[in-house]
Structure formats: C-alpha cells, structure tokens
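Results of the structural survey
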Amino acid sequence: MYELVFWIYQDGVYLNHQLVYEAIVDEQTVEGLEELPTSVILNRINSLFSDWEKVDVDSWKNTKGKGAFQIKTTPQSIQIDCYGTEGKTMNKLVDALAEFNCPLYDPQVPQRYDEMSEE
C-alpha cells in the first residue's frame, strides 16, 4: 500500500506535517487546517476515474490494468490508499487535488509538496 494524504493550512498557519498526518490518521480535528470541499473533490476523482470499476462508495479498481485505491475523508483531509497503483495513476490523483490547491503529503518519504517547502 502507498498512502497519499492531502490537507490545506489556514493562512499564516504552518504546522509539523508529521504530527498533522498522525492526527488525520486518528481522525482528529486539527486546529489550523481548512475544511475541504470533500464531496466536490470526490466527484472530481469519480469523473477522472469513470473508466475504473467503483467497488464501493470510497473504492476504485482498475479493470483494464493494475491497481486500486480507497479514499478516506475527514472534513479537513483526504487520504488515498493505493494498492498496486501505477505512478501515473497516483500523479493523476495528486493533480486532481492540486486543482483544489490541496498539496500532497507523502508519509512514506516523509515530505509535503507545497510552496512553503520548495526552497
């Protein structure tokens, strides 16, 4: 499994990414994060992956290739668990969230990819 996690800081707020990630995984509310338009984001992902089989309300499976992913949401975050998913598919998910100005946090690295971390 490969995790992709997304959230947006409120203006002027910059927290420890790993601690934010741990709170998100525990489904805690984090002071300083924006609320996300999760249903709009899910609709966008659904349209981008309309050729994938929708296994359930939160899960997609590639019937023409390899990979699957499951999405978990809180009001402040989107967590996408990828199973055998190709890099180009993960990039498509990252790009979809970028449309909402919602940068990727990659807990495997760990690295957050936003304007604040580009030195």
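Data block above holds the structure.
Okay, so let's go over this structure. Just so you know, these numbers come straight off a predicted model, no measurement behind them. Per-chain numbering applies: the sequence of each chain, read as written, is numbered from 1 onward. Given that this is a predicted model, residues contribute local features only at a pLDDT of at least 70 and side-chain atom pairs are listed and counted only at 80 or more, while totals for whole chains, interfaces and linings are drawn from all residues. As a rule here, side-chain values cover all heavy atoms of the structure and leave hydrogens and water aside.

1. Considerations on the nonpolar core
If you look at the biggest cluster of nonpolar residues, it comprises 21 residues, and the most contacted ones within it are L4, F6, I45, F69 and I80. Elements supplying a minimum of two residues to this core: β1 (2–6), α2 (38–48), β4 (68–74), β5 (77–83) and α3 (87–98). Per-element tally for this core: the top contributor is α3, with five residues. When checking whether two residues touch, look at their non-hydrogen atoms; a contact exists if any pair is within 4.5 Å. Beyond its immediate stretch of four places on either side in the chain, F6 contacts L36, Q76, S77, I78, I80, L93, V94, L97, C102, P103 and L104. In this description, a nonpolar core means a group of buried Ala, Val, Leu, Ile, Met, Phe, Trp, Tyr and Cys residues linked to one another through side-chain atoms lying within 4.5 Å. Throughout this description, buried means an accessible area under 20% of the type-specific maximum (1.4 Å probe, protein chains only), exposed means over 50%, and partly exposed covers the range between. By size, the runner-up hydrophobic cluster in this structure holds 10 residues, among which are W7, Y9, V30 and Y105. The secondary structure listing takes helices from DSSP runs of H or I that are at least 4 residues long and strands from runs of E that are at least 2 residues long, numbered from the N terminus.

2. A look at the sheet that holds strand β2 (residues 53–56)
Spatial ordering of the open sheet is given by β2-β3-β4-β5-β1-β6-β7, a layout of seven strands whose pairing is antiparallel. A single partner strand is all that each edge strand has here, and the edge strands are β2 and β7 (111–113). Averaged over neighbouring strand pairs, the angle between their axes works out to 25° when direction is ignored. For two strands to count as paired, DSSP must find a minimum of two bridges between them. When strand β3 (residues 59–61) meets β4, the two strands line up antiparallel, connected through three bridges. Residue pairing for β4: W60 is matched across the bridge by F69. Helix axes use the C-alpha atoms of the stretch in contact, all axes being lines fitted to C-alpha atoms, and the angles between their N-to-C directions lie in the range 0 to 180 degrees.

3. Focus on the environment of N46
Relative to the elements of secondary structure, N46 occurs in helix α2. The class for N46 is partly exposed, based on a relative accessible area of 30%. Distance from N46 to L15, taken between C-alpha atoms, is 30 Å for residues 31 residues apart in sequence.

4. Some points on the environment of E31
The residue E31 is located in the loop between α1 (17–25) and α2 in this model. Taking the C-alpha atoms as reference points, E31 and T74, separated by 43 residues in sequence, lie 13 Å from one another.

5. Let's talk about the pairing of β5
With six of seven residues buried, β5 is to be regarded as a mostly interior element. By the bridge criterion, five bridges tie β1 to β5 in an arrangement that is antiparallel. Bridging across to β5, Y2 finds its partner in C82. Two elements, β4 and β5, share seven bridges in a ladder whose sense is antiparallel. Its bridge partner being in β5, T73 is matched across the sheet by I78.

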